[in-house]
Amino acid sequence: MNDTRPPYLPALAIGLLVFLGYLFTLAPSVTFWDAGEFIAASKILGIPHPPGTPLFVLLGNFFGTIIPIGNFAWRTNLMTALFSATSAAFFFLVVVQVLRERGAGSGEREDPWYVYGGGIAAALISAFLFTVWQNSNETEVYMVATLTIAASCWLAWLWRRHRGTERAAHLLLLIVYLGAVSIGNHLMALLVGPAIIAFVWHVVRTAPLKDEANRRAEWAQLAVLTGGWALLIGMGLGSKGLLIVGGVLFVVAAAYALMAGSLPFALTVLLVSAVGVSTYYFLYVRAGLQPFINEADPATWDRLLSVIRREQYPPRSPFDDPTFLSGPDNPGRTLTIMMVQALNYIQYFDWQWSNSIATTTLAGQTPRVFFTAFWFAVGIVGLQEIKRRDPSVFWMLLVLFLTTGPALMGYMNFKPGFSIAYNIFPDGNMHEVRDRDYFFTVSFQAWGLFAGVGLTSLYALLKRRGAQFARVAPAIFALALLPMALNFQAASRKHGPAARLAHDFAVNLLQSVEPYGILFVNGDNDTFPLWWAQEVEGIRQDVAVVNLSLGNTDWYLRQLRDNPVRPFRAEQAPWFADLAPDSAPPRLHSMTDAEIAVLIPRYIERPLAFRAGRIEQLYPAGTPLMVKDVLMLRLILENWDKRPVFWSITAGGQNWLGLGDRMIQQGLALRLMADRVPDSTRLERGLWDGLPVDLPRTDSLVNIIYQYSRLFDPETLDLDPTSTGILYNLANPHLAAGQGWIERGDAERARVVLERAYKLAPNPQLGSMLQQLRGGMNFFRDLPPVDTLGGNQP
C-alpha cells in the first residue's frame, strides 16, 4: 500500500462492474418522457426542446451510429449507462485517495480492505441508488452531467497533486472546458463549480506553496476560476444580468491575475470557455437545414438566444409561489410551499436505498424507512471520516451535496410533487406532472459516497475490537450490495411488464390512424414516443402528428406547413391499405408567415360559424380561441376532404373544439367524421356520451393489431404512475369494445375484451360487471363512468 499512484486499473474494473449491472437492467427500447425525443433527435440530428442539448444530440448520434448491435434506442440507452458507470469509476478514485490520506495518526491507509473496500463500497452504493440507476437505463442527459461532475472532482484532486507545476494549471483549464462544453448537455454539470472552488480555496489557504510567486499565481487562478464559473452560469441561462455580473467578476479576477503574472491563464480560460459553449453553433446551423424535429427553430441569432433562455416555458423565479403563474399577481413563495418542497426532497431521498420494497409493510411501517435511516446514519459517520482524513475533499463533497440537493431544491422552486400534498393542494394542476427526483441525482450520489466511507469506519471499529471481530470485519462491506438488491425491481427498465410499454403505446396509437391522417396529441408521452417510432424506426411516417402543446407557437405552425409529406407504406398497415389514396395529399396548411405572425389568443367578438364538409359548428361571441384552436380549425378546414382527422384519446375533451358529436372512436384515436356519414351498422354506444365506437375496427385493433408486450403475463401490474396512466389509456378501447359487444348481446366476446381491460386497469365496478358476465348474463347496459376507470387520463 506504499504505492500512492492513482489506482486506474481497479477504477476501470469498478466502472466495468457497474456497467454490467446497468446492462442487465437496460431499457430495451424507448421510454417515456423526454427519452423518445432525445433518441429521435440523435438519430436525425434534430433539435429537441429548449435549451436544445446540442452536445447530447451529437453524442447520441455518434454512439447510435458506431455501436454495431441492438436497435438505435438501445444503443443510446447503452451510451447513458456507459457514462454513468464511468462516473462511478471517477468517484471510486476520489474516495480511494481520501482513504489513503494519513488522517489522525492511524495506520489504516496501509490496510487494503480499508482503502479499496471503502472505495468499492462508495462507488457501488452511489451507482445503484434508485434514481441514479433508473436514469442510467434510458436515454437522458443527467448521467452525462454526472460524468462531468465526477471527472471534475477527480481532476481537482489531480490538481492538488501537481501543484507548483505547469500541469496544475492545465488541469484547471480542463475543468473549465468540461464545465463549458457541458452547457450543451445540461446545466446540472455547472453545479460542481462551487464544490471545485471550495476545494481549491481550502487547499490554497491551508497548504500554501513555499514559493511566493506560485502562491500569488494560485490565488489568481482561484479568482479566475470563480469569475469563469459565474460567467458560464450567465451563458448557460442566457441571462443578461448574470452575464454582466459574471463578466464584472471575471474582469476583476483577470486584473488580479495580471498583477500576479497569470494573465495568460485568465485569457486561456476565456478561450477555453468559448470553445466549450460553441456546441450551440450546431443548433444554429442545423436549424437552418430544417430537420423534422426542430423545436423553437433556432435558425436566427435571436431565436437561438431565446432557446438558450428557455423563453418557450413560463417563467418562474425562486421568489414565486410555483402554483401560480409568475408575475405581479403572484402571491409569493410561502412557508407552506417551502415545507412541502423540503418534504419532497426527503421523500426522494427515502426512495434511494430500497425502493423495491416500498409497498411492503412491517408493523404498520414501510421497512424502507429503516434502511433509509441506516444509510443516513452511516453517511453522517462517513462524512466525519472524510473530514478527518482529507478536509479539502470533505468541503468539496459537502458543498457538492448541498448545491445539488437542498440549494437546488430552493432555486428550482418546483410545484408540490406529483405524489404528495394533495390534502393541501388538491388541484392536480398545482402539482408537477411527474416526480422530479432526477434533478437531485448528484446529491444522492454524494450521500452514497459518504455512506460507502461510513462502512470503512464500521470496518475499522470492528477491527479495533480484537482478533475475533477483525476476522469478520471485511463482511461489513457486503452491506454495499443492499441498494443494488433492494432497488433492482424498481429501477430496472428491462425486466418489468412495462419494459416495452412506451414502444407498444406509440406503435398502437399510430396504427389507429388511417393513411395520411392528422393526429392531434397534447403531451410529452403521446408525442415523444411517436417521434421515436417515426424518425428512428420509420413506422407510419405518413401520419402527421400535431402536438397541441406546441400549437401556440409560430415556429411550430411554420414547420407543420413546410415539413414534407411522407408516403404511406401499405406493408406497415395492410388493414388500411384499401383506404389509401392514389397519391399523397398536399402539405398540411397554407397559412403564410404573415398570417401566422398575427395569430394571438383572443375572445371572438362575434359569433363564428365554422363549416367543413359535414361539420357545422357555431362558436358564440366571447368564446376563447387559443392559437392551437385556430390551428386545429384551419387544419380541419383545409384537409377534411383530403386527410382523415383524428384526436388521440389522451388529448382530452377540452381540445375537441366542441366537435365530439361528430367523432367516432377507433381504438386509441377518435376520428372526425367530416367527410362522410358513418356506417351505422358498425357503431355502438361508446364510453363518452354521444360518441360512438366503431366496434369492428376497435375490436380488431385491440385484439389483433395492438402490441402489449408482457402486460397480460403477470398476476398484477404494480407500475409507476406514468405507466399506470398509459395502461388506463390502453384499457379505454377495450372498455369501449366490451360495451359495444354488450349492446349487441354478445356476452362472451364482451367478457373476453373486458377481462383484458380489467387486467390493464382494475376497477371494482368493472370487476363486479365481469362477475355477472361470467355468471351467464347476456346483457348489461351500464358501464361505470369513464373517468372512474381512468380511461381519459392524460
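What you see is a predicted model; the values in this text were computed from it and never measured.

Analysis parameters
Residues numbered from 1 in each chain as written. Predicted model: local features only at pLDDT ≥ 70, side-chain atom pairs only at ≥ 80, totals over all residues. Heavy atoms only, no water. Core = buried A, V, L, I, M, F, W, Y, C linked by side-chain atoms within 4.5 Å. Buried < 20%, exposed > 50% of the residue type's maximum accessible area, 1.4 Å probe, protein only. Helix = DSSP H or I, 4+ residues; strand = E, 2+ residues; numbered from the N terminus. Contact = heavy atoms within 4.5 Å. Salt bridge = Lys/Arg side-chain N within 4 Å of Asp/Glu carboxyl O. 1 Å grid on protein atoms, 1.4 Å probe; cavity = no way out; pocket = protein on both sides within 12 Å on 5 of 7 lines; lining within 4 Å. Points joined across faces, edges and corners; volume = space filled by probe spheres on them. Phe/Tyr/Trp six-rings, centres within 6.5 Å; stacked < 30°, edge-to-face > 60°. Lys NZ or Arg CZ within 6 Å of the ring centre and 35° of its normal.

Draft legend 1. Quick peek at the nonpolar core. Within the largest apolar cluster, 128 residues are counted, with the highest numbers of intra-cluster contacts made by Val 18, Tyr 22, Trp 159, Val 200, Val 393, Phe 440 and Leu 455. The element best represented in this core is helix H4 (residues 72-100), accounting for 16 residues. Ignoring sequence-local partners within four residues, the contact set of Val 18 consists of Ala 85, Ala 88, Leu 124, Ala 127 and Phe 128. Ranked by size, the runner-up nonpolar core spans 117 residues in total, among them Ile 47, Phe 282, Val 545 and Leu 631.

Draft legend 2. Focus on the pattern of salt bridges. Tallying each qualifying case throughout the model produces 31 salt bridges. Between Arg 566 and Glu 535 there is a salt bridge; the shortest N-O distance is 2.7 Å. Placement of the pair is Arg 566 in the loop between helix H24 (554-562) and helix H25 (593-597) and Glu 535 in helix H23 (residues 528-535), with a sequence separation of 31 residues. Just as Arg 566 is buried, Glu 535 falls in that class too. A salt bridge links Glu 755 to Arg 751; the nearest nitrogen and oxygen atoms lie 3.5 Å apart.

Draft legend 3. Here's a closer look at the layout of surface pockets. Computed from the structure, the second largest pocket encloses a volume of approximately 350 Å³. What lines the second largest pocket is a set of 16 residues, among which Arg 602, Leu 608, Leu 625, Val 630 and Leu 633 lie closest to the centre. Taken together, the elements giving at least two residues each to the lining of the second largest pocket come down to strand S4 (608-612) and helix H26 (627-639). At four residues, the largest contribution of residues to the lining of the second largest pocket is made by H26.

Draft legend 4. Quick look at the packing of aromatic side chains. Going through the model one piece at a time under the given rule, you end up with 43 aromatic pairs. Measuring from ring centre to ring centre gives 5.8 Å for Trp 555 and Tyr 556, while their planes differ by 75°; the resulting arrangement is edge-to-face. You'll find Trp 555 and Tyr 556 in the same group, each marked buried. The ring of Trp 741 carries the charged tip of Arg 749 above its face, separated from the ring centre by 3.9 Å.

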